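The primary structure of each chain is shown beneath.
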Amino acid sequence: MSIAESNSSKTVLYPKKTIERAKVALVCSPFQRHLFETMCYQSVSTSAIADTGGTQKGYTKRPLSELAVENALMWLIQVGVLRREVDGQGITDSFRLTPLGRQLIEQIQEPWNPTYRDRLFNMLNRRLRLPF
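Now for a look at the structure at hand. (Residues numbered from 1 in each chain as written. Predicted model: local features only at pLDDT ≥ 70, side-chain atom pairs only at ≥ 80, totals over all residues. Heavy atoms only, no water.)

Digging into unusual backbone geometry
Consideration 1: Positioned with a positive phi, Asp51 is a non-glycine residue whose angle comes to about 60°.
Consideration 2: With respect to the secondary-structure elements, Asp51 resides in helix H4 (residues 51-56).
Consideration 3: Overall, the relative accessible area of 46% leaves Asp51 in the partly exposed class. (Helix = DSSP H or I, 4+ residues; strand = E, 2+ residues; numbered from the N terminus. Buried < 20%, exposed > 50% of the residue type's maximum accessible area, 1.4 Å probe, protein only.)

Below you can see the structure in the form of structure tokens.
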């Protein structure tokens, strides 16, 4: 991984395979783009995403249990899109975007409609934890 200077901010350059895996995981997730746009500016807790609250806020496509939300968020942490928020007491139940996640949100403008290939690729990566 390398860092490139751009104007006054630093941009991290990721390997192409890392970006592709993270992009597929993002579009295959059960979450709407609005959740990730919100995570650009503030942390969002698991309880705000779970059940009917998530659908009312436009975070999820359908109501999800807290366990399902946690599992999907943990996968997005593993591929580098999200990170857990930390406070003075330790790790919280809130999440934010990583620099990679921010780059992907800026790049992906088309509707989030994963193909069957994307879903298969994501499922295999998630279940088998294939190294890249």
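Section: a nonpolar patch on the surface
Consideration 1: A cluster of nonpolar side chains, contributed by Leu120, Met123, Leu124 and Leu128, occupies part of the molecular surface with about 370 Å² of accessible area.
Consideration 2: Residue placement: Met123 occurs in helix H7 (residues 116-128).
Consideration 3: Residue Met123 is classed as partly exposed on the basis of its relative accessible area, which comes to 42%. (Patch = residues over 30% accessible without salt bridge, like charges linked within 9 Å, V, L, I, M, F, W, Y side chains within 5 Å. Areas by Shrake-Rupley, 256 points an atom, 1.4 Å probe, with all protein chains shown as cover. Salt bridge = Lys/Arg side-chain N within 4 Å of Asp/Glu carboxyl O.)

Remarks on the pattern of salt bridges
Consideration 1: The full count for this structure, using the stated rule, is five salt bridges.
Consideration 2: For Arg96, the salt bridge is made with Glu85, and the minimal N-O distance between the two is 4.0 Å. Note that Arg96 is positioned in strand S5 (residues 90-97) and Glu85 in strand S4 (residues 82-87), a separation of 11 residues in sequence.
Consideration 3: Glu85 sits in the buried class, given a relative accessible area of 19%.
Consideration 4: Between Asp118 and Arg117 there is a salt bridge, with its nearest N and O atoms 3.6 Å apart.
Consideration 5: In this structure Asp118 comes out as buried when scored by relative accessible area, which is 14%.
Consideration 6: Residues joined in a network through salt bridges with shared partners are Arg83, Glu85 and Arg96.

Concerning the packing of aromatic side chains
Consideration 1: One pass over the full model with this rule turns up one aromatic pair.
Consideration 2: Considering the side-chain rings of Phe31 and Phe36, the 6.1 Å spacing of their centres and the 75° angle between planes classify their relative orientation as edge-to-face. The pair Phe31 / Phe36 is uniform in exposure class, with both members buried.
Consideration 3: Positioned over the ring face of Phe121 is Arg117, at 5.8 Å from the centre of the ring. (Phe/Tyr/Trp six-rings, centres within 6.5 Å; stacked < 30°, edge-to-face > 60°. Lys NZ or Arg CZ within 6 Å of the ring centre and 35° of its normal.)

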